[in-house]
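The lines below spell out each chain.
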Amino acid sequence: MQTEVGPFVLRRPRGTRDYLPEEMKVREQVIEKFKKTFELYGYGEVLTPAFEHLELLEAKAGPEVKEQIYWFTDKAGRKLGLRFELTTPIARIVATKPEIPKPIRFYYVAPVWRYEEPQRGRLREFWHAGVELIGSKYVEGDAEVIALMYRALKNVGLDNVIVKLGERRIAEALADKVGVKSYKKDDFFRAIDKLDKLGIEGVIQWLTKIGLSKSQIELVIDFITIKGSNEDKLSKAQEILDSEKASEAIKGLEELITLLIEGYCLPKDSLIVDFGIVRGLAYYTSLVYEAIVPDVTEVGSVAGGGRYDDLIKLVGGPNLPATGMAIGVERVIEALLIKEKVKIETTNDIVLVAPTSLDIYKEALKIAEKLRNNNIPVQCNVMRRKLASLLEHADKVGVPYTIIVGPRELKEGKVVLRDMIKREQKVMKIDELINYLKTKLSPE
């Protein structure tokens, strides 16, 4: 029976979530797999403060993201903001520690905040698991980060991952081709990046707002919806744009795809060139990409990233090229739940020690501590419940085993082990009990 909540109970803020122990177990399993994958590629974990100077966060966020920053003025009058991703804070670290040997390989798993409209797969507080590779200007760096991202998503159970590859320089060449004024380019990029979210009609409306003519809009739509193989798309892009900037970007995409397929052994059909991928963060300078899972597209992209060669210099550091990606932890878990690759289980590996009376409670505690000394998770009766109530509680919370401690068994150095699933029980010596539970349970 569910307890009614009173009318004056304070609710959690909109766009946030609470995670109960069984949900946290799934989250921790997913996060641990991400960490192990990142470490397989030689990345080391970092953590930055939850808030930074607002000036840093706004440095190259882009107009849309600037509007989403949670910011405040502290008691000393400083303007601070909650981080909306970790790339910019990590750029700050590198800017202040230029002596770190290059390339720098950092990874992180941490919460971030954005004030945007909550919907499925999108919260205002969410977690990113990502990496930053700093110091390499070469395609080899981009290939490593994408291969790492692909492996991380596969390792947690997402099959059929598709990586959509875009290029900011191609988008810039397209903007030049249709005559977009420099001060409207950010709006232009935001418009074509809306293709997956708003469809063609939505993009047309955005392009109309920034002043493009019907013929210009038709050229843009035809370009960002080019069909065919990756080779066909890149060839057509070269033909349409006919610019040095686009040629360099196209050559880079060709080299990247070759490295990923022939070096990292990614399936050819897992990589799709998509000229509608630009991404909203203004610090990207060339390569951009997103990862999706086609049969759970309702959660949106599960990861994304790109190259940001100017950001570290912009925040006061040396001129260092960099590339990185971030995975949306909540979106990945939702995708896994939809695909039934993970389950929220109510059962657990905790055993319950149940003394038959308060007179032997201390003796029961000694047994519980002995089990804990052997890395077996144990709960004890802190509610002064009778044995029947304790067994009922064990059933309710999914405890697999209850250890019944009675005076007669204690005298013989024994206890009663009750299997709550099979509804069977047997008398065992304490040492025998420990060995038995170690084989049955899998404590971390």
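See above for the structure.
We now turn to the structure provided with this report. Per-chain numbering applies: the sequence of each chain, read as written, is numbered from 1 onward. Two thresholds apply to this predicted model, a pLDDT of at least 70 for residue-level local features and 80 or more for giving and counting side-chain atom pairs, whereas whole-chain, interface and lining totals are computed over all residues. Water and hydrogen atoms play no part in the side-chain values, which are based on all heavy atoms of the structure.

### Observations concerning the overall build of the protein chain
Going along the chain from the N terminus, every DSSP run of H or I of four or more residues is numbered as a helix, and every run of E of two or more is numbered as a strand. A count of helices and strands for the protein chain gives 17 helices and 16 strands. Principal-axis analysis of the C-alpha atoms gives the protein chain an extent of 90 × 55 × 50 Å. The classification of residues rests on relative accessible area computed with a 1.4 Å probe and restricted to protein chains. Under 20% of the type maximum is buried, over 50% is exposed, and intermediate values are partly exposed. With 444 residues in all, the protein chain has 49% of them scored as buried. We call two residues in contact when some of their heavy atoms are within 4.5 Å. Long-range pairs, those at least 24 residues apart, make up 67% of the contacts in the protein chain between residues at least 6 apart in sequence. Each accessible area value is a Shrake-Rupley result obtained with a 1.4 Å probe; residue values ignore everything except the protein chains displayed when judging cover. Counting every atom, the protein chain has about 23100 Å² of accessible surface; 50% of that belongs to carbon and sulfur.

### A short note on the sheet that holds strand β2 (residues 51-53)
Two strands pair under a simple rule: DSSP has to find at least two bridges between them. Read from one edge of the open sheet, 3 strands run β2-β4-β3, paired in antiparallel fashion. A strand with exactly one partner marks an edge of an open sheet, and here the two such strands are β2 and β3 (71-73). Neighbour-to-neighbour, the strand axes of this sheet turn through a mean angle of 35°, independent of strand direction. Bridging between β3 and strand β4 (residues 79-82) involves 3 bridges; their strand directions are antiparallel. Each bridged residue has a counterpart across the sheet, and for F72 the counterpart in β4 is L80. Axis definition: a line fitted to C-alpha atoms, over the contacting stretch in the case of helices. Angles run 0 to 180 degrees between N-to-C directions.

### Quick look at the environment of R122
Note on placement: R122 falls in the loop between β5 (104-113) and β6 (125-134). With 209 residues separating them in the primary sequence, R122 and R331 have C-alpha atoms 7.7 Å apart. Residues within four places of R122 in sequence aside, it is in contact with E116, E117, K197 and R331.

### Points about the sheet that holds strand β14 (residues 401-405)
Read across the open sheet, the 5 strands follow the order β13-β12-β14-β15-β16; overall the sheet is mixed. Since the sheet does not close on itself, it has two edges, and those belong to β13 (378-380) and β16 (424-429), each with one partner. Taking each pair of neighbouring strands and ignoring which way they run, the sheet shows an average axis angle of 25°. Judged from the 5 bridges that link them, strand β12 (residues 351-355) and β14 form a sheet pairing that is parallel. If you follow V353 over to β14, its bridge partner there is I403. Helix α15 (residues 387-397) rests against β12, β14 and β15 (414-419) of the sheet, and its axis sits at about 175° to β12.

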